[in-house]
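Chain by chain, the residues run as shown.
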Amino acid sequence: MTLCATEVCKTYPTRGEPLSILRGVSLTLQRGEALAVMGPSGSGKSTLLHILGTLDRPTSGTVTLEQEDPFRLPEPQLAEFRNRRIGFVFQDHHLLPQCTVLENVLIPTLVNRSGQIEALEAWARQLLERVGLKERMQHRPAELSGGERQRVAVARALIHQPLLLLADEPTGNLDRKSALAVAELLLELHRQQNTILVVVTHSAELARLFPQRMEMIDGRLQPVA
Ligand code: ADP
Ligand code: MG
């Protein structure tokens, strides 16, 4: 097994009673598996994705990737692990407006420069070709449509060939047709790269494209009825 969450709880302190958002989430996903997570707004979907992505720590419970608990790593190594092994796509693309499309895809590689820039650039170009943006590599994000920007974000998430690909409502700001195209692209690249893919979506139509579907209800993941 590759990604394993066991009895993950997340509680936020407040002035009064603490807010109990995740109340024992358990989940096992192998390489090559894809899961859509649904659930009402405020139910804890982003909280769960942040914890699976090691951006946030659980209050209790464990998360392991390839049998290792990343939260045991000291912060700099955890950041390095996250950068290398986990790809994120957010609702808002988070592209840098002053950089070209190609430069944006290469941004994660600037964090730990490892001297193989030509190979990385060749891979970035290949990814951009795969997401249908071969002719747009030198454009700035403002020159692209919303769907195209999200496709750049997908390419960027894959630059380090991550083990785990996490997408938090990646199509939330797109029209139906672009949303379907981005979701299908995520699934296609996930299959090609043999990643674990977890996508949060509000759309039942998109969720149906995924082999596994779960719903966040009362702080727990339940199979979609
Ligand atoms: P979803 O993504 O399903 O809409 P979230 O995971 O973003 O839900 O949030 C779940 C709940 O946790 C919300 O009620 C939100 O206000 C609360 N929450 C999220 N982050 C924090 C935080 N850092 N401190 C306090 N409450 C938070
Ligand atoms: Mg959310």
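Residues numbered from 1 in each chain as written. Chains lettered and ligands numbered in written order. Predicted model: local features only at pLDDT ≥ 70, side-chain atom pairs only at ≥ 80, totals over all residues. Heavy atoms only, no water.

This part is about the overall build of the chain. Counting its secondary structure elements, the chain contains seven helices and nine strands. Since a compact globule built from 225 residues should have a radius of gyration of about 17 Å, the 17 Å found for the chain is in line with a globular shape. Over its C-alpha atoms, taken along the principal directions, the chain stretches across nearly 50 × 40 × 35 Å. Pairs at least 24 apart in sequence give 71% of the contacts found in the chain among residues at least 6 apart. Taken as a whole, the chain presents about 10,900 Å² of accessible surface, with 49% of it coming from carbon and sulfur. Distance between charge centroids for the chain: 1 Å, based on 25 positive and 25 negative side chains. (Helix = DSSP H or I, 4+ residues; strand = E, 2+ residues; numbered from the N terminus. Rg over C-alpha atoms; globule rule 2.2 N^0.38 Å. Contact = heavy atoms within 4.5 Å. Areas by Shrake-Rupley, 256 points an atom, 1.4 Å probe, with all protein chains shown as cover. Lys, Arg positive; Asp, Glu negative; His and termini not counted. Charge placed at Lys NZ, Arg CZ, Asp CG, Glu CD.)

Within the structure, ligand 1 sits among Tyr12, Ile21, Pro40, Ser41, Gly42, Ser43, Gly44, Lys45, Ser46 and Thr47. Separating a nitrogen atom of ligand 1 from a side-chain N or O atom of tyrosine 12 is a distance of 3.3 Å. Within the side chain of serine 46, one N or O atom sits 2.8 Å away from an oxygen atom of ligand 1. Relative to its unbound accessible area of 560 Å², ligand 1 is 58% covered by the protein chains. Top element by residues in the shell around ligand 1 is helix 1 (residues 45-52). It accounts for three residues. Tallied by class, residues from the shell around ligand 1 come to three nonpolar, six polar and one charged. (Near = heavy atom within 4 Å. Polar contact = N/O pair within 3.5 Å; in protein donor to acceptor, adjacent residues only side chain to side chain. Nonpolar A, V, L, I, M, F, W, Y, C, P; charged D, E, K, R; others polar.)

Turning our attention to helix 2 (residues 75-85). Spacing of three or four residues puts side chains on the same side of an α-helix, whose turn is 3.6 residues. Taken together, the buried positions of helix 2 are Leu78, Phe81, Arg82 and Asn83. At its buried positions, helix 2 is contacted by strand 4 (60-65) and strand 5 (86-89). (Buried < 20%, exposed > 50% of the residue type's maximum accessible area, 1.4 Å probe, protein only.)

Moving on: the packing of helix 4 (residues 117-130) against helix 6 (residues 176-193). At a minimum axis separation of 11 Å, helix 4 and helix 6 run at an interaxial angle of 135 degrees. It follows from the interaxial angle that helix 4 and helix 6 lie oblique. Across the interface between the two elements, Trp123, Leu127 and Arg130 of helix 4 pack against Leu185, Leu189, Gln192 and Gln193 of helix 6. (Axes fitted to C-alpha atoms, helices over the stretch in contact; angles between N-to-C directions. Parallel < 35°, antiparallel > 145°, perpendicular 65-115°, else oblique.)

Moving on, we come to the nonpolar core. Here is a general trend for soluble globular proteins: nonpolar side chains tend to be buried in one another's company. Leu128, Leu186 and Leu197 are the most contacted members of the largest nonpolar core, which totals 41 residues. With eight residues, helix 6 is the single largest residue contributor to this core. Not counting residues within four places of it along the chain, the set of residues in contact with leucine 128 comprises Val101, Leu102, Val105, Leu133, Lys134, Met137 and Ala155. Ranked by size, the runner-up nonpolar core spans 30 residues in total, among them Leu22, Val25, Leu29 and Leu78. (Core = buried A, V, L, I, M, F, W, Y, C linked by side-chain atoms within 4.5 Å.)

Before going further, it helps to spend a moment on the side chain of threonine 171. With respect to the helices and strands, threonine 171 occurs in the loop between strand 6 (164-168) and helix 6. Take threonine 171: its relative accessible area is 10%, and that puts it in the buried class. Among all residues touching threonine 171, those that are not within four sequence positions of it are Ala179, Val182, Ala183 and Leu206.

Here the phi dihedral of glutamate 66 falls at roughly 50 degrees; this positive angle occurs in a residue that is not glycine. With respect to the helices, strands and loops of the structure, glutamate 66 is situated in the loop between strand 4 and helix 2. Residue class for glutamate 66 comes out partly exposed when judged on its relative accessible area of 35%. One non-glycine residue, asparagine 194, lies in the positive phi region at around 55 degrees. Of note, asparagine 194 is situated in the loop between helix 6 and strand 7 (196-200).

No statement about biological role is implied by the geometric values presented.
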